Amino acid sequence: MIEVRNLVKKYGSHLAVDHLSFVVEKGKIYGFLGPNGAGKSTTMNIMTGYLGATEGEVIVNGRNMLKEPEEAKKYIGYLPEIPPLYTDMTVKEYLAFAAELKKVKRAEIGSQVDQVMELVKLTDVQNRLIRNLSKGYKQRVGLAQAVLGFPEIIILDEPTVGLDPMQIIEIRQLIRELAKDHTVILSSHILAEVREVCDYIMIISRGKLVASDTPDHLERLMKGEETLELEVKGSRRQAEDILSQIPYVEEVKYEEQKDKMTGVHIQTAGHRDIREQVFYAFAESHCPILRMQMSKATLEDVFLELTQDNGGDVQEVTASSGEISENKEDTDHDGDL
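This structure is a prediction, so every number in the text was calculated from the model and none was measured. (Residues numbered from 1 in each chain as written. Predicted model: local features only at pLDDT ≥ 70, side-chain atom pairs only at ≥ 80, totals over all residues. Heavy atoms only, no water.)

1. Some details on the packing of aromatic side chains
We count it as follows: Centres within 6.5 Å are what make two rings of Phe, Tyr or Trp a pair, Trp counting through its six-membered ring; a difference in plane orientation under 30 degrees is then read as stacked, over 60 as edge-to-face, and the rest as tilted. The helix and strand labels rest on DSSP assignments: H or I over at least four residues marks a helix, E over at least two residues marks a strand, and numbering proceeds from the N terminus. The cut-offs for exposure are 20% and 50% of the maximum accessible area for each residue type, with area from a 1.4 Å probe on protein chains only; residues under the lower value are buried, those over the upper are exposed, and the others partly exposed. Whether a charge sits over a ring comes down to the Lys NZ or Arg CZ being within 6 Å of the ring centre and within 35 degrees of the ring normal.
Scanning all chains against the criterion turns up 6 aromatic pairs. Ring geometry for Phe22 and Phe32: centres 5.3 Å apart, planes at 85 degrees, overall edge-to-face. Of this pair, Phe22 sits in strand 2 (residues 14–24) while Phe32 sits in strand 3 (residues 29–33), and the two are 10 residues apart along the sequence. No difference in accessibility class separates Phe22 from Phe32, as the two residues are buried. Measuring from ring centre to ring centre gives 5.5 Å for Tyr30 and Tyr200, while their planes differ by 55 degrees; the resulting arrangement is tilted. Here Tyr200 lies in strand 9 (residues 200–205) and Tyr30 lies in strand 3, a separation of 170 residues in the sequence. An identical accessibility class is assigned to Tyr30 and Tyr200; each is buried. Ring pairing ties together the aromatic residues Tyr86, Tyr94 and Phe97, which thus form one cluster. Of note, Lys9 hangs over the ring of Tyr11, and the distance from its end group to the ring centre comes to 5.2 Å.

2. Observations regarding the packing of helix 3 (residues 91–101) against helix 5 (residues 135–147)
Defined as follows: Only C-alpha atoms enter the line fits that serve as axes; for helices the fit covers just the stretch in contact. Angles between N-to-C directions range over 0 to 180 degrees. Oblique is the label for any angle not covered by the other classes, which are roughly parallel (under 35 degrees), roughly antiparallel (over 145) and roughly perpendicular (65 to 115). Each crossing gets its handedness from the near helix: less than a right angle anticlockwise from the far helix is left-handed, clockwise is right-handed. Whether two residues are in contact is decided by their heavy atoms: any pair within 4.5 Å suffices. Gly counts as polar in this scheme, as do all residues outside two lists: the nonpolar Ala, Val, Leu, Ile, Met, Phe, Trp, Tyr, Cys and Pro, and the charged Asp, Glu, Lys and Arg.
It is at 9 Å that the axes of helix 3 and helix 5 come closest, and there the two elements cross at 30 degrees. Classified by the interaxial angle, the pair formed by helix 3 and helix 5 is roughly parallel. Note on packing geometry: the crossing formed by helix 3 with helix 5 is right-handed. In this structure, helix 3 contributes Val91, Tyr94, Leu95 and Ala98 to the contact, and helix 5 contributes Val141, Ala144 and Gln145. Split by residue class, the contact of helix 3 with helix 5 holds 6 nonpolar, 1 polar and no charged.

Structure, rendered in structure tokens:
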């Protein structure tokens, strides 16, 4: 539905988006994940036609955003981080006005406004002035204007920023509801939010795309995806002797603790599950295991691995490569503007 090709955005000598390319397919919820200043909002503004690119192009359903902006924008509904609201209007007045701007047929404006208010649960406050609404309801109004005209693609920039926990849950539910009939793209730097609602994640760091895959697959691609953690009543030497007899043990880290306790962290070849062998081996050696658990790499681990400040080196993860690699290009420190 959307193809971003070799996108570059510069502000003078400042590089905000650095040769960014990706494809958005129909019917999924996509998450743009990255630290503050990564280039998420700049990319979204270019995708929606609010900003021009220095280089590259955005194709929306076969329409070039630069050459055919009016046609391309028909497919997109956009909620910026700060919703563009006229606070002296009532909710219903504002949505009717937004529908006119979107060139919704005059005969359909009333029914569309009612339908959208029902969808985002604004019907009860439709006659209230927007300035008197809570931040959560203002965000709903912004979301409603993005949905007007029922575009195929909904783009949301930080849709839950500044909301309380209950409002965040409500907005997430709305996003899932929208995804039944629309392709949704949302940006966030909140890892839990992206993990919760997105089918596919694109991680951006310093204007570059450094990872692109499903949340589960990204976590599996991390080296040492699963670690077997033990706490045993015995010495490090005892634990080493026992583990040397168990196949598939690839890497072991030890942590000597008080009261003759030892912490053991085991990574296995091919991510083998060796818990049963470990249990019986330690039992036969009369070395009690007081705690055993599997620890998996999380989206937080992936995020930190890929976006940490590493002196200009950009690490990349792709669905096809199945591994993390380093790109030694020097880049400027870029950000959202």
